[in-house]
Amino acid sequence: MPIPNQAVVKPIIDEIRDSIVAIIHESWDDWMASDFVGVWRCKRSRANFVWEQIIGKAHAELTDLDGVHIIEGTETLKFMMQDQVLFRFKKADGAGRTANVATQMALAFHNHEQDLLGLPEVQRVEVVYKLNKLETAVSDICVVARDGNRVAWEYSLLDAADVVIPLPMPEPEPARPAAKIVKLKGASDERKQRDK
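A. View of the overall build of the protein chain. A tally of helices and strands in the protein chain yields five helices and six strands. Traced from its N-terminal end to its C-terminal end, the protein chain shows the element sequence α-α-α-β-β-β-α-β-β-β-α. Out of the 196 residues in the protein chain, the part that is buried amounts to 34%. The long-range share in the protein chain, meaning contacts at least 24 apart out of those at least 6 apart in sequence, stands at 57%.

B. Structural context of the environment of A95. When you line up the elements, A95 lands in the loop between β3 (85-91) and α4 (104-109). Between the C-alpha atoms of A95 and R150, which are 55 residues apart in sequence, the distance is 9.9 Å.

C. A look at the nonpolar core. Counting residues in each nonpolar core, the largest one holds 35 residues, and the members touching the most others are I13, I20, F87 and F89. Of all elements in the fold, only α1 (6-14), α2 (17-33), α3 (43-62), β2 (76-81), β3, β4 (123-131), β5 (138-147) and β6 (150-156) reach the threshold of two or more residues within this core. Sort the elements by how many residues they give to this core and α3 lands first, with seven residues. With residues near it in sequence (within four places) discarded, F89 still touches I20, I24, W51, I54, I55, A58, F79 and V127.

D. View of the pairing of β3. Across the seven residues of β3, five count as buried, placing the element largely inside the fold. In this sheet, β3 lies alongside β2 in antiparallel orientation, the contact comprising three bridges. Within β3, the residue paired with F79 across the bridge is F87. If you look at the hairpin formed by β2 and β3, you'll find three residues sitting between the two strands, and Q82 has a positive phi there, around 50 degrees. Where β3 and β4 come together, seven bridges link them in parallel fashion. In the strand pairing of β4, F89 is matched with V127.

E. Looking closely at the packing of aromatic side chains. Inspection of every chain in the model, using the stated rule, returns nine aromatic pairs. Note on F36 and F49: the rings are 6.0 Å apart at their centroids and 65 degrees apart in plane angle, and the pair reads as edge-to-face. A residue pair is termed long-range when its members are at least 10 positions apart, and F36 in the loop between α2 and α3 and F49 in helix α3 qualify at 13 residues. A relative accessible area of 31% means that F36 is categorised as partly exposed. Taking the centre distance of 5.4 Å and the plane angle of 20 degrees together, the rings of F79 and F87 count as stacked. Residue classification places F79 among the buried positions, given a relative accessible area of 0%. Members of the aromatic cluster, joined through ring pairs, are W31, F36, W40 and F49.

About the cut-offs
Residues numbered from 1 in each chain as written. Predicted model: local features only at pLDDT ≥ 70, side-chain atom pairs only at ≥ 80, totals over all residues. Heavy atoms only, no water. Helix = DSSP H or I, 4+ residues; strand = E, 2+ residues; numbered from the N terminus. Buried < 20%, exposed > 50% of the residue type's maximum accessible area, 1.4 Å probe, protein only. Contact = heavy atoms within 4.5 Å. Core = buried A, V, L, I, M, F, W, Y, C linked by side-chain atoms within 4.5 Å. Pairing = 2+ DSSP bridges. Phe/Tyr/Trp six-rings, centres within 6.5 Å; stacked < 30°, edge-to-face > 60°.

So, in structure tokens, the structure goes:
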């Protein structure tokens, strides 16, 4: 099978786009609200925590949708839509690349000439989240098609998402009483002397 076709993938993924965006944002919020922020120093631990939250929420949210099948594998879940698009959730770097242990299954996912799970005609893509530079928030959620190690194409799910993520509003500062201005006698005379 050739590299996934974005024209085939996009309308299928768009059917659940808002759910995907909400799942990822809620999972990141779970991380930020956890007792582990600032305690767990390893980025891998954070990624695992967020991934577990995403998988749990996606399983609950997508299980009963028409045309969505969940494929359970060794320590992972993949989601099949309309028997045409197979995707998995991952964290990606700014360029859309994910980091995987180089197992045969992980390598096969990005090698479109190789059958995966006996599904040779399926478009295989990743739904990824990217973090901002400080790694304090999700900056983008994308669908990414890879060809081996190369990103073949990607598009953002946030560009057209209808999900409204409420931003915390800063508390208004209490009004301060106006400062009383006290002028000393002769202060303007001293300033005139300095300015000469």
